[in-house]
Amino acid sequence: MSWAKAPSEIELGFDSKLLNGRAGLDVTYYSKTTHDALLPVAVPPSTGFAGTRLENLGTISNKGFEVLLTLIPIDFKQLNVETTLALSTNDNKLVSFGDDRAPIIFGTYAPTQRYQEGFPLGAMWAQRVQYNPDGTLLKVAGRPVLQAESIYMGPSVPTKEASFSTGIRFFERFRFFGLADYKGGYYQFNVKDWRRDRALVSWETANPEADPDVVLARSFASQTWFHVQKADFVKLRDLSLSYDVPTQLLGRAADRATITVAG
């Protein structure tokens, strides 16, 4: 029986409270290496079975920063404001497979992801068509020709994240809360655009003034260069307004009640 090696991790940081507790700053740096990570390994055909099995082989590295800033800029009886800003980064990498093997290529609609040493797990890769020295599209029998090697685009999961929230309490009974977040530094395969280009219904392919070479390249199903795209976004996650009902209006119905409108 073999046992997986325990991960090794270094974590450094500090917590601080400032301005009589009205401000706080927490900073952490981490570097974690996971050994004997589970990876799919092809079952030898001589066993009479097909497919893969999971084995403890790979070495994976994760490192980055986490920062949390809290602030109470206004603190009065009739008005209180609290804000929180959280930031984090992550640098993920498949250090080693643990044996001698070619990259593992996969993808639901096209071979756009892979496990490859020296790159993030499940990173996004794109296939691009070839061009002539004069910049025109290379065609054989009227069809584009793919480059021999796929092109690394970037990680498939966010490498940078941030969130900002604000809580405002006013007139003692009203509370407003808002939360927005950001995720960035990663790529995704835009299947919608890929399908629209193949069907020639996207503006880039249906535009009467579009370059025929661009239309041919975008509609070529095997290429994914145009469709592995940056996935960064900022999203408003939550807005709410609450009102604490005065206890004298509740009678014996309840000890306390709050009315909230949220979206």
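These figures come from a predicted structure and were not determined experimentally.

Peer 1: What should I look at first to understand the environment of Tyr 152 in this one?
Peer 2: Within the secondary structure layout, Tyr 152 lies in strand β11 (residues 151-154). Note on Tyr 152: relative accessible area 31%, which makes it partly exposed. Through-space distance from the C-alpha of Tyr 152 to that of Asp 36 is 25 Å; in sequence the pair is 116 residues apart. Discounting residues that sit within four places of it in the chain, Tyr 152 has contacts with Phe 119, Pro 120, Ala 123, Met 124 and Trp 125.

Peer 1: What's the story with the packing of aromatic side chains in this structure? I'm lost.
Peer 2: To describe a pair of aromatic rings, you give the distance between the ring centres and the angle between the ring planes. As enumerated under the stated definition, the model contains 9 aromatic pairs in all. Between the aromatic rings of Phe 119 and Trp 125, the centroid separation amounts to 5.0 Å while the plane-to-plane angle is 65 degrees, which identifies the pairing as edge-to-face. Residue Phe 119 is classed as partly exposed on the basis of its relative accessible area of 23%. Site record: aromatic cluster; members linked through ring pairs are Phe 170, Phe 171, Phe 174 and Tyr 243. Above the plane of the ring of Trp 225 lies Arg 128, whose end atom (NZ or CZ) is 4.3 Å from the centre. Positioned above the aromatic ring of Trp 194 is the side chain of Arg 198, whose terminal nitrogen or guanidinium carbon lies 4.7 Å from the ring centre.

Peer 1: Help me understand the nonpolar core in this model?
Peer 2: Core analysis: the biggest nonpolar cluster contains 9 residues, these being Ala 110, Met 124, Ala 126, Met 153, Tyr 187, Phe 189, Val 191, Trp 194 and Val 228. Contributing elements (two or more residues each) for this core: β8 (123-126), β14 (187-189) and α1 (191-198). Residues in contact with Met 124, not counting those within four places in the same chain, are Thr 112, Gln 113, Ile 151, Tyr 152, Met 153, Gly 154, Pro 155, Ser 156, Tyr 187, Gln 188, Phe 189 and Val 228. Residues Leu 39, Val 41, Leu 57 and Leu 94 belong to the second largest nonpolar core, which totals 8 residues.

Peer 1: What exactly am I supposed to notice about the pattern of salt bridges here?
Peer 2: In a structure, side chains of opposite charge can pair up when their charged atoms sit close to one another. The full count for this structure, using the stated rule, is 8 salt bridges. Between Arg 101 and Asp 99 there is a salt bridge; the shortest N-O distance is 2.9 Å. Residue Arg 101 is classed as partly exposed on the basis of its relative accessible area of 22%. For the salt bridge of Asp 244 with Arg 169, the shortest nitrogen-to-oxygen distance reads 3.3 Å. Placement of Asp 244 in strand β16 (residues 233-245) and of Arg 169 in strand β12 (residues 160-170) is noted, with a sequence separation of 75 residues between them. The class for Arg 169 is partly exposed, based on a relative accessible area of 32%. Look at the salt bridges and you will find they share partners, linking Arg 169, Arg 175 and Asp 244 into a network.

Peer 1: Explain a nonpolar patch on the surface here, please?
Peer 2: Together, Phe 176, Leu 236, Leu 239 and Leu 241 make up a nonpolar patch on the protein surface, roughly 340 Å² of accessible area in all. Structurally, the position occupied by Phe 176 is in strand β13 (residues 174-184). We classify Phe 176 as partly exposed; its relative accessible area is 31%.

Peer 1: Can you walk me through the sheet that holds strand β7 (residues 113-115) in this structure?
Peer 2: Two orientations exist for strands paired in a sheet by backbone hydrogen bonds: parallel and antiparallel. Spatially, 4 strands are ordered β6-β7-β8-β11 in an open sheet, and the strand pairing comes out antiparallel. Two strands in the sheet have a free side with no partner beyond their single neighbour: β6 (104-106) and β11. Neighbouring strand axes in the sheet, compared pairwise and without regard to direction, differ in orientation by 40 degrees on average. Bridge analysis of β6 against β7 gives 3 bridges, and the strand direction is antiparallel. Within β7, the residue paired with Ile 104 across the bridge is Tyr 115.

How each quantity is defined
- Residues numbered from 1 in each chain as written.
- Predicted model: local features only at pLDDT ≥ 70, side-chain atom pairs only at ≥ 80, totals over all residues.
- Heavy atoms only, no water.
- Helix = DSSP H or I, 4+ residues; strand = E, 2+ residues; numbered from the N terminus.
- Buried < 20%, exposed > 50% of the residue type's maximum accessible area, 1.4 Å probe, protein only.
- Contact = heavy atoms within 4.5 Å.
- Phe/Tyr/Trp six-rings, centres within 6.5 Å; stacked < 30°, edge-to-face > 60°.
- Lys NZ or Arg CZ within 6 Å of the ring centre and 35° of its normal.
- Core = buried A, V, L, I, M, F, W, Y, C linked by side-chain atoms within 4.5 Å.
- Salt bridge = Lys/Arg side-chain N within 4 Å of Asp/Glu carboxyl O.
- Patch = residues over 30% accessible without salt bridge, like charges linked within 9 Å, V, L, I, M, F, W, Y side chains within 5 Å.
- Areas by Shrake-Rupley, 256 points an atom, 1.4 Å probe, with all protein chains shown as cover.
- Pairing = 2+ DSSP bridges.
- Axes fitted to C-alpha atoms, helices over the stretch in contact; angles between N-to-C directions.

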